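A closer look at the structure
Residues per chain are reported as follows:
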Amino acid sequence: MEKQTVSEFYNGSASYYWYLNHYYSDKNINFNIFNNEQYQIGAQVSLISLFFLIKKEDLVEKEGDLSFSSKVIDEKLEENISFLAKKENSKYVIDNYLFNEPTEIIALIRNKLAHGDYEIDYTNDGSIILNKESFKIKIPLKKLNLLICSSIESLICYSKTKKISRIMSFCPINLKTTEIIKNKEELVNVIKTIEVSNYILESKNNNYISKKSLDYFKIYIDVLKQNQQTKQDDDRILLKLEKQFESDNTDLIISSKKIKLQEDINKIIKMFENENLYNAQNLETQIKFLTLRVLEIIEPNYLNSGLLPGILYNLILISKIYETKNLDMINLIKTELSNNYNLYKLYSTEMFISSILMQFYTLFCFPFDNIYLNKRYSLNRENCFDFGKLNLDFVNPTKLTIYNIPLDEALKAKESSIKELSEIKNNLLREKTNLEKVTILNNTQAIEIINDNIIRLNQKYNCILSKVNINSDKHIQIKEDYIKNEKYFKNRAIIEGIRNAIAHGNIKINKYKEVSNFKNTIISFKDIYNENIEFELDISISDFEKLFSDENIITIQKFLNNQNDEEINNETSLNKFQKIINIIKRRCNI
């Protein structure tokens, strides 16, 4: 990828992060920062790249040099690909390039985006151009967005599986006849009536569930969702679907739970009061809120398991902003995107986290080697970015593996040369002992041979001794480098650990707090290499945001602007952000 594309990547993702900050924080931030078509296109591409990285193992897996498999059922994968490719004679055509299989297309897009082997066309509503042999395959962003949205649905509803489950919460209150909740006593009574039901569809014959049954299961859940808060569902339709499951060798298992612990009830009361919902306009708003909060408490992993909803809604939102030129997020969601604004509010945490990951990805992951010039270890890092200057004191990994291969290799080389020197020394002693023996016997021929051996061994000894000294000095230098620059290696390991966790999809949103303080939500990162955990970190949203603090941004700014310790003028955070965007843009155009 050209450096200019890296620039647009960062500009797009970072400006979208600030755009969301306008809605999700108390800071007075000018959301017009995202009013730039190139930023909006760059943000879409970075979000698409993030999706392919996080879910790449679920979308396609490599089976051989030219073959791939998918965890999505074949019929749905074919349907997804239809948004991009036209099928002709059992082949798939994109921009006049022929593909043999849908998995081949997914794998190509995923790998090209991951390695930056593509360009972005900012004209005609935006496209990505993939470099394939001598071909340049152009894919419009509109089509790619449809592929992503469809793929997310496929991953959630149409994966190859023998068991699938959905969890929903219900309240048996009639919204038309019951009055609004006015006090704590009424609130507690309603909370106690809410039940959480788990619907599990399981294969009877140990085969994968068919697409037909998965379709029916999706319809079944959709019917329930239509009246999710009141459970006034259409029993006739549900009964008919249940018979379809039975005829297709699948079992539908339903179990329900209600909230029991007083501390959980108190927690919901606090959330309800924090949102000032005694003054809500209608009972429906109150019930929607309560059923979701009960669901969070009884089945926390259901809502906190991944980023797919956040990626989906961000992608829809950004593409809609680009299409309508409307930056009013609240209005846009209510009028253009969904009649159920509460759905977007529910996944606001995932939306915000994915926007932060976009910014991290474009700032550290993608341009990491090219811009920061730290691809290989070197004692001379004069022209490289000094990660030790970043303030990461707030990051406390439970597992951190420092990249110490250079130090280990230096020690190994030193010990190997010392061992080799010791062997030569022993050979010399043996030859000198033999020389004494043949001298006593006055064996002139043997004396001559042994003397030649001693001369040769002495020469080799001096050569290896020089090698020992060189390797020892190098080991000392590298060891001193690791000690002296401990913060550099620690910070770099943290950045690489997060980067690798993102690249392999090992991210989890694992803890919700009070609704009024969603930034206390914990994000978990895990980097696994050869089945060993190399890096593990639990960090709150508010702490993760500190990665992009003024202090760290200025540090990166100095490097990108070829500055040393020149005084930086006192500027607002937003101005600093605008300035670094311009600096990165200039740097990337070099």
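All values reported here derive from a predicted model rather than from experimental measurement.

Secondary-structure assignment places Asn-111 in helix α5 (residues 102-115). For the pair formed by Asn-111 and Leu-53, sequence separation is 58 residues and the distance between their alpha carbons is 9.0 Å.

Another point: the confidence of the model for the protein chain. Looking at the protein chain as a whole, the pLDDT averages 83, with 86% of positions reaching at least 70. The spread of mean pLDDT over the elements of the protein chain runs between helix α23 (residues 573-588), the lowest at 51, and strand β12 (residues 399-400), the highest at 96. Confidence over residues 565-574 falls short of pLDDT 50; this stretch has twelve contacts with residues more than four positions distant or in other chains. Below a pLDDT of 50 lies the segment residues 584-590, which in the model reaches 18 contacts outside its immediate sequence neighbourhood of four places, other chains included.

Here we take up the sheet that holds strand β9 (residues 163-170). Spatially, three strands are ordered β9-β10-β11 in an open sheet, and the strand pairing comes out antiparallel. On the outer flanks of this sheet lie β9 and β11 (250-258), each paired with one strand and no other. Pairs of neighbouring strands in the sheet enclose a mean axial angle of 15°, with direction left out of account. The pairing of β9 with strand β10 (residues 195-203) spans eight bridges and is antiparallel. What sits directly across from Lys-163, in β10, is Glu-202. Strands β9, β10 and β11 of the sheet are contacted by helix α11 (residues 283-298), whose axis makes an angle of about 135° with β9.

Time to look at the sheet that holds strand β3 (residues 86-88). Read across the open sheet, the three strands follow the order β3-β4-β5; overall the sheet is antiparallel. The sheet is open, and its two edges are formed by β3 and β5 (97-99), each paired on a single side. Going from strand to strand, the sheet's axes swing by 40° on average, the running direction of each strand aside. Relative to strand β4 (residues 91-94), β3 is paired through three bridges, and the arrangement is antiparallel. If you follow Lys-86 over to β4, its bridge partner there is Val-93.

Right, let's talk about the packing of helix α18 (residues 405-440) against helix α19 (residues 444-484) for a bit. When two helices pack together, their arrangement is given by the angle between their axes and by how far apart the axes lie. In contact at an axis separation of 8 Å, α18 and α19 are set at 160° when each is read in the N-to-C sense. Put simply, α18 runs roughly antiparallel to α19. In this structure, the crossing between α18 and α19 has a hand that is left-handed. Looking at the contact of α18 with α19, its residues break down into 22 nonpolar, ten polar and eight charged.

In this section: the packing of aromatic side chains. On inspection of all chains with the given rule, the structure shows 29 aromatic pairs. Between Phe-51 and Phe-52 the ring centres are 5.5 Å apart and the planes differ by 65°, which places this aromatic pair in the edge-to-face class. Accessibility classification places Phe-51 together with Phe-52 in one group, the buried group. Directly above the aromatic system of Phe-289 lies the positively charged group of Arg-293, at a separation of 4.8 Å from the ring centroid. Against the face of Tyr-322 rests Lys-325, its NZ or CZ located 4.3 Å from the ring centre.

Its location among the elements puts Ser-197 in strand β10. Polar contacts involving the side chain of Ser-197 include one to the side chain of Ser-256, which spans 2.9 Å.

Here strand β14 (residues 522-529) runs beside strand β15 (residues 532-540); their pairing, made up of eight bridges, is antiparallel. The partner of Ser-524 across the bridge, within β15, is Asp-538. Linkage of β14 to β15, two consecutive antiparallel strands, is achieved through a turn of two residues, within which Asn-530 is found at a positive phi near 55°.

The next point concerns the layout of surface pockets. Rolled over the atoms, a probe with the dimensions of a water molecule shows which regions are left empty. Size it by volume and the second largest pocket reaches roughly 1,300 Å³. Lining of the second largest pocket is provided by 44 residues; of these, Phe-368, Asp-369, Glu-496, Arg-499 and Asn-500 occupy positions nearest its centre. Put simply, the parts of the chain that give the lining of the second largest pocket at least two residues each are α3 (56-59), β1 (61-62), α5, α16 (348-365), α17 (368-372), α20 (486-503), β14 and β15. Tallying contributions element by element places α20 first for the lining of the second largest pocket, with nine residues. Classifying every residue of the lining of the second largest pocket gives 20 nonpolar, ten polar and 14 charged.

A word on the packing of helix α2 (residues 37-54) against helix α13 (residues 308-324). It is at 10 Å that the axes of α2 and α13 come closest, and there the two elements cross at 160°. Our classification of the angle between α2 and α13 gives roughly antiparallel. Crossing of α2 over α13 shows left-handed handedness. Along the contact surface, α2 presents Glu-37, Gln-40, Ile-41, Ala-43, Gln-44, Leu-47, Ile-48, Phe-51 and Ile-54, while α13 presents Leu-308, Ile-311, Asn-314, Leu-315, Ile-318, Ser-319, Ile-321 and Tyr-322. Residues belonging to the contact of α2 with α13 are distributed by class as follows: twelve nonpolar, four polar and one charged.

Reading guide: rules and limits
Residues numbered from 1 in each chain as written. Predicted model: local features only at pLDDT ≥ 70, side-chain atom pairs only at ≥ 80, totals over all residues. Heavy atoms only, no water. Helix = DSSP H or I, 4+ residues; strand = E, 2+ residues; numbered from the N terminus. pLDDT = per-residue confidence, 0-100. Contact = heavy atoms within 4.5 Å. Pairing = 2+ DSSP bridges. Axes fitted to C-alpha atoms, helices over the stretch in contact; angles between N-to-C directions. Parallel < 35°, antiparallel > 145°, perpendicular 65-115°, else oblique. Left-handed = near helix turned anticlockwise from the far one by under 90°. Nonpolar A, V, L, I, M, F, W, Y, C, P; charged D, E, K, R; others polar. Phe/Tyr/Trp six-rings, centres within 6.5 Å; stacked < 30°, edge-to-face > 60°. Buried < 20%, exposed > 50% of the residue type's maximum accessible area, 1.4 Å probe, protein only. Lys NZ or Arg CZ within 6 Å of the ring centre and 35° of its normal. Polar contact = N/O pair within 3.5 Å; in protein donor to acceptor, adjacent residues only side chain to side chain. 1 Å grid on protein atoms, 1.4 Å probe; cavity = no way out; pocket = protein on both sides within 12 Å on 5 of 7 lines; lining within 4 Å. Points joined across faces, edges and corners; volume = space filled by probe spheres on them.

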